[in-house]
Structure formats: structure tokens, C-alpha cells
Amino acid sequence: MYLDEFLAEWHSDSPMVLVHTSGSTGKPKPMYVEKRRMEASARITCQFLGLKQGDTALLCMSLDYIAGKMMVVRAQTWGLRLIVVKPSGNPLAMVTEPVDFAAMVPMQVYNSLQVPEEREKLKQIKHLIIGGGAIDETLASVLVGFPNHVWSTYGMTETLSHIALRRLSGPDASDWYTPFEGVTLSQTEDGCLVIDAPAVHDGLLVTNDIVELSDKGFRILGRKDNVICSGGIKIQVEEVERLLKPHLSAPFMITKRTDQKFGEQVVLLTESMDIDAIKEICQQVLPKYWQPRSYAHIDALPMTETGKPARKEAEDYALTINH
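Residues numbered from 1 in each chain as written. Predicted model: local features only at pLDDT ≥ 70, side-chain atom pairs only at ≥ 80, totals over all residues. Heavy atoms only, no water.

A. Representation of helix α3 (residues 66-78). Across its 13 residues, α3 extends 17 Å between first and last C-alpha, which sits within 8% of the 18 Å expected from 1.5 Å per residue. Inspection of α3 places I66, G68, K69, M70, M71, V72, V73, R74 and A75 among the buried residues, and these make up the whole buried set. In the segment just after α3, G79 is the residue with positive phi, at about 75°. (Helix = DSSP H or I, 4+ residues; strand = E, 2+ residues; numbered from the N terminus. Expected span 1.5 Å × (residues − 1). Buried < 20%, exposed > 50% of the residue type's maximum accessible area, 1.4 Å probe, protein only.)

This is the structure in C-alpha cells:
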């Protein structure tokens, strides 16, 4: 979608806008959302960050998804001046003026850090929010030293982008997300986060994110649909990946497949050809019951258009692996 198309839709008489979910847990789904709720979300974010009318806002994400659409809505609602660049892995290469506010996915941030000139531009962004995927510890360790405000976002299409932020830069950097004012949080019996955010969503929104709640906010442990039940042991996919990440240089992903004896088994997919070396590392690093029972080379890990692991595709691939 092009900017003029979205602006025409935004300024039309319809009270609704068509958006699509990201597709990280299945096929992207179309859904209609109310413009007034998008405006409410925009105001909440801009107030939280202390943005002012006339501040520059960088649009460098696809308008096919809520994150890109919401940058335009924030500019329209708060009087921000939009800087528009074509969505790419290195958006700052095309930026020639100071940026007050930007939203990026982790891949864009990572790529920008690799180019000295773009790294400097990234540092100068006054308010940078990062969403659409997990921020690994290596990236977080670089961002903590940034002079300005860098945040990780928590949200989804249904909440019209984020309902909570956690600080990545400076002495206030934390693993804990702070919910916006007006957002109430609770948990299901399984430990999944339940969101009550009446300004942006009608009714309770039960997520698949297993969290720890405290007076500081919440900390994400993993997704309910990413739990592998193997021989009575519950294994969180993200925790296995987090333990392995410092030790594996090639891209990899943990997934699962059904198993007659154990119910489900842990499977590791990797773009590396050296399966034996990876198996040895897993045996050294992981608890015995977390170790993969199957390993497979894959030319390219399945990813969504927004750069998240495509978990369902990975599971489908795992079923094709010969023991």
C-alpha cells in the first residue's frame, strides 16, 4: 500500500480501516478497526513519549501492517511532520534530516548499526521504538549505551500497535514492560497475559504470551503455543533459543513434532550444514530434557513478512524430517 492510498482511506467517510494481522502464528488475517480507537492509541503513545507538534516522525515500515499505519495516524493526530522513506533493511541510508521519533523492527536497527554513518543517525533519534520481533541480548547490550530514548514495544494488531513499553537505553533499561495509563493486566490459569485496554479494544484480550506480573509491570517468558510438552516436561521454545543463541553462529530455530513415546519432541532447524557440531553444543548447553531429538538443515528458516519466526511453517517442516 502507498501513503496516498492510506491517507485517502483515512480521510474517507468510513469510520473503519482495514488492517491485517502479522501472521506470526498462522496466515495473516484481515480485520476492520475503528479510526477513533487508532486516534486514541496515537494520542496515548505521543503523550507517553512527550512528543510535540512539529516533531519529525520517520515512516520506514510497510503500510500493509498496523505498525506503519499507526505512524501515519500519529502524525495526523498529533501534528507531527512525517519523513517518508521506502521500507527497507537500511532505512536511515535515505534520511538526511534529524529524526525526533521513529519506529523500526529489530532487523532495521541491527542493519543500521553495521554502517557507521547510519549508526550515528540511529543514535541521534530522540525517541526510537522497536517492535515486531524479539530483541536479543546482543542487540540490547548495544542499545543500552544510546544517549536518547530507545524502547521495546508490546502489542499486536488487535491493540492497534502497543499498549506497553520497556526501556532499552540508559540506567532505566529493564526487562519489564510498563503498561500505558488506562491499561489493566491480569493472567489466565496458564499464566497468559490478559489485557483490558478499553481505549483501543472492546472487552478483555487474552493473549498467548506467558508472563510474570509485578508492580513493575510484566515480563515475557514465552508464548503458550510455543510450549513443547515432551514426556511430561513443559519446555518453552524461546527459553531454549535464548540459551543457545550465544553459542550458535548460524541462524537456527527451535520447533516441535509429534512423538509416539514422548507426545512431542524438540526439533532444531538450522541453516548450518554442520549438524554434529550443533548437536554437541546442545548437549553441553541445554538441560537433558530440553535437548533436541531431531536436527535438520534448512536452506532458509521460515519467517513472516515482518521478520518474525513463522512457527507454524517450522512445525510443518519438522513433520517432514526423517529420524
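B. Quick look at the sheet that holds strand β10 (residues 184-187). Strand order in the open sheet made by the four strands is β10-β11-β12-β13, with antiparallel pairing throughout. Of all the strands in the sheet, the pair left with one neighbour each is β10 and β13 (217-223). Each neighbouring strand pair of the sheet contributes to a mean axis angle of 55°, computed without reference to strand direction. With six bridges joining them, strand β12 (residues 205-214) and β13 adopt antiparallel strand pairing. (Pairing = 2+ DSSP bridges. Axes fitted to C-alpha atoms, helices over the stretch in contact; angles between N-to-C directions.)

C. Seen up close, a negative patch on the surface. A surface patch of negative charge is lined by D4, E5, D64 and E305. Take D64: it is sitting in the loop between β3 (56-59) and α3. (Patch = residues over 30% accessible without salt bridge, like charges linked within 9 Å, V, L, I, M, F, W, Y side chains within 5 Å. Areas by Shrake-Rupley, 256 points an atom, 1.4 Å probe, with all protein chains shown as cover. Salt bridge = Lys/Arg side-chain N within 4 Å of Asp/Glu carboxyl O. Lys, Arg positive; Asp, Glu negative; His and termini not counted. Charge placed at Lys NZ, Arg CZ, Asp CG, Glu CD.)

D. The arrangement of empty space enclosed by the protein in detail. Inspection of the entire model under this criterion finds one cavity of 30 Å³ or more. Estimated volume of the largest cavity: approximately 50 Å³. Lining the largest cavity are D225, N226, V227, I228, V237, I254, T255, K256, R311 and E315. The set of elements that each furnish at least two residues to the lining of the largest cavity consists of β14 (227-230), β16 (252-259) and α9 (311-318). At three residues, the largest contribution of residues to the lining of the largest cavity is made by β16. The residue inventory of the lining of the largest cavity, partitioned by class, reads four nonpolar, two polar and four charged. (1 Å grid on protein atoms, 1.4 Å probe; cavity = no way out; pocket = protein on both sides within 12 Å on 5 of 7 lines; lining within 4 Å. Points joined across faces, edges and corners; volume = space filled by probe spheres on them. Nonpolar A, V, L, I, M, F, W, Y, C, P; charged D, E, K, R; others polar.)

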